[in-house]
Amino acid sequence: MKSLKFFKCLVLLLATAVSLIGYPKPATAATFNVTVVVCHPPCGYFPPYFAPSSVTIHPGDQVKWTWVTSGHSTTSGQPGMPNGIWDSGVRNSGATFTHTFNSEGTFPYYCSVHGEVGTVIVMSATPTPTPPPSDFNDDGNPDFVLYNASTRQTVIYYMNNNVRISSTYGPTVPGGWQVAAVGDFNRAGHPDYLLFNPATGQTVIYYMNNNILTASTYGPTLPGDWSVAGLGDFNRDGYPDFVLYNASTGSTVVWYMRNSVHLNSSTGPTIPGGWTLAGVADFNANQQPDYVLFNPTTHATVIWYMSNATHTSSTTGPSVAANYNLIGVADFDGNGRPDYLLYNPSTGQTAISYLNNSQLLGTADGPAVPAGWRLVAP
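Now for a description of the structure that goes with this document.

What counts as what
- Residues numbered from 1 in each chain as written.
- Predicted model: local features only at pLDDT ≥ 70, side-chain atom pairs only at ≥ 80, totals over all residues.
- Heavy atoms only, no water.
- 1 Å grid on protein atoms, 1.4 Å probe; cavity = no way out; pocket = protein on both sides within 12 Å on 5 of 7 lines; lining within 4 Å.
- Points joined across faces, edges and corners; volume = space filled by probe spheres on them.
- Helix = DSSP H or I, 4+ residues; strand = E, 2+ residues; numbered from the N terminus.
- Nonpolar A, V, L, I, M, F, W, Y, C, P; charged D, E, K, R; others polar.
- Salt bridge = Lys/Arg side-chain N within 4 Å of Asp/Glu carboxyl O.
- Buried < 20%, exposed > 50% of the residue type's maximum accessible area, 1.4 Å probe, protein only.
- Phe/Tyr/Trp six-rings, centres within 6.5 Å; stacked < 30°, edge-to-face > 60°.
- Lys NZ or Arg CZ within 6 Å of the ring centre and 35° of its normal.
- Pairing = 2+ DSSP bridges.
- Axes fitted to C-alpha atoms, helices over the stretch in contact; angles between N-to-C directions.

1. What about empty space enclosed by the protein?
Then, in step 1: This model, assessed by the stated rule, comprises 1 cavity of 30 Å³ or more.
Then, in step 2: Roughly 40 Å³ of internal volume is contained in the largest cavity.
Then, in step 3: Elements that contribute at least two residues to the lining of the largest cavity include exactly strand 3 (31–36) and strand 5 (54–57).
Then, in step 4: Of the residues assigned to the lining of the largest cavity, the class counts are 5 nonpolar, 4 polar and no charged.

Have a look at this one:
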């Protein structure tokens with residue numbers, strides 16, 4: 001069951017809270033929510049009246065505008081030049097307006113009172129090849145994202161395999177939030193930040209162009225005691241899905257996402273005691289994301305091969321060197337198979353274990369992470 005909750009943010013901001021109970025089958029159409037507000041989540045970042053100001057959907061999907069401030073419209077076309085596809089008229093707080101998009105294309109719209117603009121992009125549902133999930137500078141190599149919990153700054157390390165080529169600052173995260181994962185949520189060809197607020201369970205997507213924050217929107221709110229452990233396209237619709245993990249019970253759930261919208265869910269396998277879910281990637285090249293498990297006591301790893309949210313079989317992966325933890329996976333050497341990213345919390349040193357499925361090919365040192373920073377991605 002899904003429910004909508006309104007949160008106050010200078011005025012009000014829209015967030016979507018979704019239950020873990022009752023998992024319907026994947027839907028063929030979805031409703032995407034746009035809020036008419038005067039601040040940008042989290043508050044204080046840019047002032048568009050439409051949040052998000054751009055949504056990417058599929059033919060047959062709907063966009064639903066909800067007014068939380070008065071005296072605005074959603075009118076198709078450019079400011080002063082309506083094209084007649086839709087027009088809500090000027091509406092006030094609490095009003096809603098829905099339009100269904102049946103054909104592909106880019107549909108601009110604006111507020112007829114103030115001139116603020118938004119865009120609806122309707123694309124084919126056919127998945128398209130995507131770059132590495134953390135390739136910020138479009139060179140085909142996964143990059144590192146570092147986060148400083150004290151200053152809330154982020155830094156991107158541009159990588160070539162295991163070598164740091166250069167680095168740059170990314171956006172600073174508001175207080176109470178943390179960077180949980182990185183993925184291309186709006187299929188713009190650029191990785192985005194997924195932010196998580198552990199106190200409220202809220203998520204926010206920071207849409208990025210390389211290291212620049214271009215826009216942001218709320219994602220679904222997570223239930224208590226759950227966190228996002230990884231991202232992967234489990235239903236093969238071209239959008240990254242959330243893998244939720246409950247550290248107390250070991251339970252996992254796949255939340256099928258389309259951009260910032262939670263469509264539905266499936267129960268995933270339970271992680272055994274003493275193990276953690278360290279990453280999500282396609283190890284056996286069957287176009288399905290798999291789980292990789294890590295035991296921090298024995299340093300053993302196990303790969304769980306998945307079919308959508310179902311655990312089909314397992315194999316032992318290489319053990320991680322003493323003093324190192326397995327903190328992520330990505331294809332650093334470009335052989336089409338994910339590799340292990342290792343981290344030594346005592347020294348800050350990183351290392352990459354190169355894999356072919358579950359077989360260890362070799363290991364190389366990566367760059368060291370400075371004190372006070374932690375590695376978020378890949």
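2. Re the pattern of salt bridges
Then, in step 1: Scanning all chains against the criterion turns up 1 salt bridge.
Then, in step 2: Note that D61 and R258 form a salt bridge whose closest N and O atoms lie 2.6 Å from each other. Taken together, the positions of D61 in the loop between strand 5 and strand 6 (62–67) and R258 in strand 22 (residues 252–258) put the pair 197 residues apart, joining distant regions of the chain. There is no split in this pair, since D61 and R258 are both buried.

3. Regarding unusual backbone geometry
Then, in step 1: At the junction of A377 and P378, the peptide bond is cis and its omega measures out at 15° in the coordinates.
Then, in step 2: One can find P378 in the segment after strand 32 (373–377).
Then, in step 3: With phi around 55°, A285 is a residue other than glycine that occupies positive phi space.
Then, in step 4: Positionally, A285 belongs in the loop between strand 24 (276–281) and strand 25 (290–294).
Then, in step 5: For Q287, which is not a glycine, the phi torsion comes out positive at approximately 70°.
Then, in step 6: Tracing the backbone through its elements, the reader meets Q287 in the loop between strand 24 and strand 25.

4. Some thoughts on the packing of aromatic side chains
Then, in step 1: Evaluation of the coordinates by the stated rule reveals 11 aromatic pairs.
Then, in step 2: Ring centres of W65 and F97 lie 6.1 Å apart, and the angle between their planes is 40°; this geometry places the pair in the tilted category. Here W65, found in strand 6, pairs with F97, found in strand 9 (residues 96–100); they are 32 residues apart in sequence, far enough to count as distant. The burial state of W65 is the same as that of F97; both residues are buried.
Then, in step 3: Following the ring pairs from residue to residue traces out a cluster consisting of F50, W65, W86, F97, F101, F107 and Y109.
Then, in step 4: Against the face of Y157 rests R164, its NZ or CZ located 4.5 Å from the ring centre.
Then, in step 5: Between R187 and the ring centre of Y239, over which it is positioned, the NZ or CZ distance is 5.1 Å.

5. Observations concerning the sheet that holds strand 25
Then, in step 1: Judged by pairing direction, the sheet is antiparallel, and its 4 strands sit side by side in the order 24-25-26-27 without closing on themselves. Of all the strands in the sheet, the pair left with one neighbour each is strand 24 and strand 27 (310–317). Taking the axes of each pair of neighbouring strands and ignoring which way they run, one obtains an average angle of 25° across the sheet.
Then, in step 2: With 7 bridges connecting them, strand 26 (residues 301–307) and strand 27 associate as antiparallel partners. Bridging from a neighbouring strand, W304 pairs with S314 of strand 27.

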